[in-house]
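The lines below spell out each chain.
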Amino acid sequence: MTTVIPRIQRRSSNTSTGFHSSSNLGSLVQPQSDSPSASRQESRHMVAGHGEQGQSEHEPAAAGGKVEEEAPGEKTIRQKIWEGLDDPSSSRLAYWFSISVLSLILLSCTAFVVETIPSMCCGRYDDVWERIETVCVAVFTFEYLSRFIVVPTNSENEGLLSTTELSGFKPELMTRLRFFIRPLNAVDFAAIFPFYLQYLAPGDTGGTTSFLRVIRLARVFRLFKLSKYSQGMWLLSATMVRSWRALGMLGFFMLISVVLFSSVMYFVERGDYFFCTPEAVAQDLCLESEIGNRTEGQGLEHCQAWAEERYGFPLKCCWGEGWYVSQDANGDGCVDKSQFESIVATAWWCVVTMTTVGYGDVLVHTTLGKVVATATMLSGILILALPITVIGSNFNLEYERTVQEENLRREMEEMQQEQLEAEAEAE
């Protein structure tokens, strides 16, 4: 019996460890036996019989139904360059190149943050930041274009853009289209494209300045380039993909709860509505352009009497037409405008309350409103707790699979090394 373990981070199409896979969605086979010797023997059998395996279920068939097999250890220059750029473990040079790119990513993000400090911005050190930006973008562009040029035709050969041929114009075109739309490659493109786009902007105008600010903000996407060099990011991504049902359930119940509690709280806490009338215009409480036909509420000229009856002091409605509550929190002599003036505005309070954040920028004043707020808090805890538990469990499963995959990879490398040493001694 064997257990198929999905590969999480394997991206090379032909690694030196003897794994037979053409995409990062390949699989490894791990023996279920708990005996170390049995596991070692089965791993030895897998390495020894690797050359006798038939067509892999993950490799596309060539024209005529035949697979173009490559002798172990024989790689083209294109494959070597691709492995060096895509797999840091393929060679020492690839390792140090990935370290250099990683360092430049951190340097670029650090410069993006530091240049916003008042003592560092606004023309004081712009030449320094521009030089750092130029060097980083030049290296990122070199990496992206190099990978775009040498990407092998059997890389990620699946989906709508897959081909059965491995050579020719069509396979090369489809390969580059697949490369361009891959999420991580799209992040790499977004990290360098704004730098070149800003030179295409027209003259120095107010609109151009705002446009350039947005372009510079796009540099923050370079943080996502770290995911290619972090196994933890791959593990988190795999967990989110595995937990999509739980996340969908969380979003669905949150949406229902927000609409429900926001609607109830709106009708409980909205207060009284006052609108503009000619009499209110005469008292400078609103503008003449705000006069209109209203079917609910009363004129702003009645607000002072209403507040005195409710609050005990002669307060005015100083903020024009809208919903008001009978209190003066800041002591400015004006009735406070309601913070729950619509269901949409109340939805912000509902989300903050259900997630137990509680900013305190929107307050509940009535007794019935506090009862509804209590129910909202308790519901939020229950709604968030159940899906998060599922996500945590999936994270543990993915972590265990990652550890098992790494252990199996090391064991197979040892088996292959022993086989090579035995063949060398036999010769």
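Just above, that's the structure.
How each quantity is defined
- Residues numbered from 1 in each chain as written.
- Predicted model: local features only at pLDDT ≥ 70, side-chain atom pairs only at ≥ 80, totals over all residues.
- Heavy atoms only, no water.
- Disulfide = S-S within 2.5 Å.
- Helix = DSSP H or I, 4+ residues; strand = E, 2+ residues; numbered from the N terminus.
- Buried < 20%, exposed > 50% of the residue type's maximum accessible area, 1.4 Å probe, protein only.
- Core = buried A, V, L, I, M, F, W, Y, C linked by side-chain atoms within 4.5 Å.
- Contact = heavy atoms within 4.5 Å.
- Pairing = 2+ DSSP bridges.
- Axes fitted to C-alpha atoms, helices over the stretch in contact; angles between N-to-C directions.
- Polar contact = N/O pair within 3.5 Å; in protein donor to acceptor, adjacent residues only side chain to side chain.
- Phe/Tyr/Trp six-rings, centres within 6.5 Å; stacked < 30°, edge-to-face > 60°.
- Lys NZ or Arg CZ within 6 Å of the ring centre and 35° of its normal.
- Salt bridge = Lys/Arg side-chain N within 4 Å of Asp/Glu carboxyl O.
- Parallel < 35°, antiparallel > 145°, perpendicular 65-115°, else oblique.
- Left-handed = near helix turned anticlockwise from the far one by under 90°.
- Nonpolar A, V, L, I, M, F, W, Y, C, P; charged D, E, K, R; others polar.
- Patch = residues over 30% accessible without salt bridge, like charges linked within 9 Å, V, L, I, M, F, W, Y side chains within 5 Å.
- Areas by Shrake-Rupley, 256 points an atom, 1.4 Å probe, with all protein chains shown as cover.

### Brief notes about the state of the cysteines
Stage number 1. Enumeration according to the criterion identifies one disulfide in this entry.
Stage number 2. Note on cysteine connectivity: Cys-276 is disulfide-linked to Cys-286, with sulfurs 2.0 Å apart. Of note, the bridge from Cys-276 to Cys-286 carries an S-S torsion of about 75° and is right-handed in sense. Here the residue Cys-276 occupies a position in the loop between strand E3 (272-275) and helix H10 (278-282), and Cys-286 occupies one in the loop between H10 and strand E4 (298-299), the gap between them amounting to ten residues. Considered together, Cys-276 and Cys-286 belong to a single accessibility category, that of buried residues.

### A word on the nonpolar core
Stage number 1. Among the nonpolar cores identified, the biggest contains 18 residues, and Trp-82, Ile-105, Ile-132, Cys-136, Phe-140, Phe-179 and Ile-192 are the most heavily contacted of them.
Stage number 2. Breaking this core down by element, the ones donating at least two residues are helix H2 (77-86), helix H3 (92-114), helix H4 (126-150) and helix H6 (183-197).
Stage number 3. The biggest single contributor to this core is H4, with seven residues.
Stage number 4. When near neighbours in sequence (up to four residues on either side) are disregarded, Ile-192 contacts Val-137, Phe-140, Thr-141 and Tyr-144.
Stage number 5. Counting 15 residues, the second-largest nonpolar core is a separate cluster that includes Met-254, Phe-340, Trp-349 and Met-354.

### Overview of unusual backbone geometry
Stage number 1. If you check the backbone angles, Thr-356 has positive phi at about 55° while not being a glycine.
Stage number 2. Along the chain, Thr-356 turns up in the loop between helix H12 (343-354) and helix H13 (367-426).
Stage number 3. Since its relative accessible area comes to 54%, Thr-356 is described here as exposed.

### Quick notes on the sheet that holds E3
Stage number 1. Spatially, E4-E3-E5 is the arrangement adopted by the three strands of the open sheet, whose pairing is mixed. The outermost strands of the open sheet, each flanked by one partner alone, are E4 and strand E5 (322-324).
Stage number 2. Packing of helix H11 (residues 303-311) onto the sheet brings it into contact with E3, E4 and E5, and relative to E3 it is tilted by some 160°.

### Here we look at the side chain of Ser-338
Stage number 1. By the element assignment, Ser-338 lies in the loop between E5 and H12.
Stage number 2. Judged by relative accessible area, which is 6%, Ser-338 ranks as buried.
Stage number 3. A distance of 3.4 Å separates a polar atom in the side chain of Ser-338 from the backbone oxygen of Glu-269.
Stage number 4. Dropping the residues within four chain positions of it, Ser-338 is found in contact with Glu-269, Arg-270, Trp-323, Tyr-324 and Val-325.

### Digging into the packing of aromatic side chains
In this description, a pair of aromatic rings is defined by centroid distance and the angle of the planes.
Stage number 1. Summed over all chains, the structure comprises 15 aromatic pairs.
Stage number 2. Grouping aromatic residues by their ring pairs yields a cluster made of Trp-82, Tyr-144, Phe-148, Phe-179, Phe-180, Phe-189 and Phe-193.
Stage number 3. The side chain of Arg-176 reaches across the aromatic face of Phe-148, ending 6.0 Å from its centre.

### Section: the pattern of salt bridges
Stage number 1. Taken as a whole and judged by the stated rule, the model has seven salt bridges.
Stage number 2. The salt bridge partner of Arg-78 is Glu-172, with a shortest N-O separation of 3.0 Å. With Arg-78 in helix H2 and Glu-172 in helix H5 (residues 169-181), this pair connects stretches of sequence that are 94 residues apart.
Stage number 3. The closest approach of N and O atoms between Arg-242 and Glu-398, which form a salt bridge, is 3.3 Å. Taken as a pair, Arg-242 in helix H8 (residues 231-242) and Glu-398 in helix H13 lie far apart in primary sequence, 156 residues in all.
Stage number 4. Glu-398 gets classed as buried once you look at its relative accessible area, which sits at 8%.
Stage number 5. If you follow the salt bridges from partner to partner, you end up with Glu-406, Arg-409, Arg-410 and Glu-413 in one network.

### Focus: the packing of H4 against H6
Stage number 1. Closest axis-to-axis distance for the H4/H6 pair is 10 Å, and the angle between their directions is 135°. One finds that H4 runs oblique with respect to H6. Seen along the crossing, H4 lies across H6 with a hand that is left-handed. Listed contacts from H6 to Glu-133, Thr-134, Val-137, Phe-140, Thr-141, Tyr-144 and Arg-147 of H4 are Asn-185, Asp-188, Phe-189, Ile-192, Phe-195 and Tyr-196.
Stage number 2. Of the residues contributing to the contact of H4 with H6, the split by class is seven nonpolar, three polar and three charged.

### Thoughts on the pairing of E3
Stage number 1. With three bridges connecting them, E3 and E5 associate as antiparallel partners. Within E5, the residue paired with Tyr-273 across the bridge is Trp-323.
Stage number 2. By the bridge criterion, two bridges tie E3 to E4 in an arrangement that is parallel. Within E4, the residue paired with Phe-274 across the bridge is Gln-298.

### Thoughts on a nonpolar patch on the surface
Stage number 1. A cluster of nonpolar residues, Met-233, Leu-236, Met-240 and Leu-247, forms a patch on the protein surface that exposes about 290 Å² of accessible area.
Stage number 2. Per element, the largest residue contribution to the nonpolar patch is three residues, and it comes from H8.
Stage number 3. Inspection of the secondary structure assignment puts Met-233 in helix H8.
Stage number 4. By relative accessible area, which is 33% here, Met-233 ends up partly exposed.

### Concerning the packing of H2 against H4
Stage number 1. Put simply, H2 and H4 touch, their axes get as near as 9 Å, and they point 140° apart. Relative to H4, H2 is oriented oblique. As for how H2 packs across H4, the hand of that crossing is left-handed. Contacts between H2 and H4 pair Arg-78, Ile-81, Trp-82, Leu-85 and Asp-86 from the former with Ser-146, Arg-147, Ile-149 and Val-150 from the latter.

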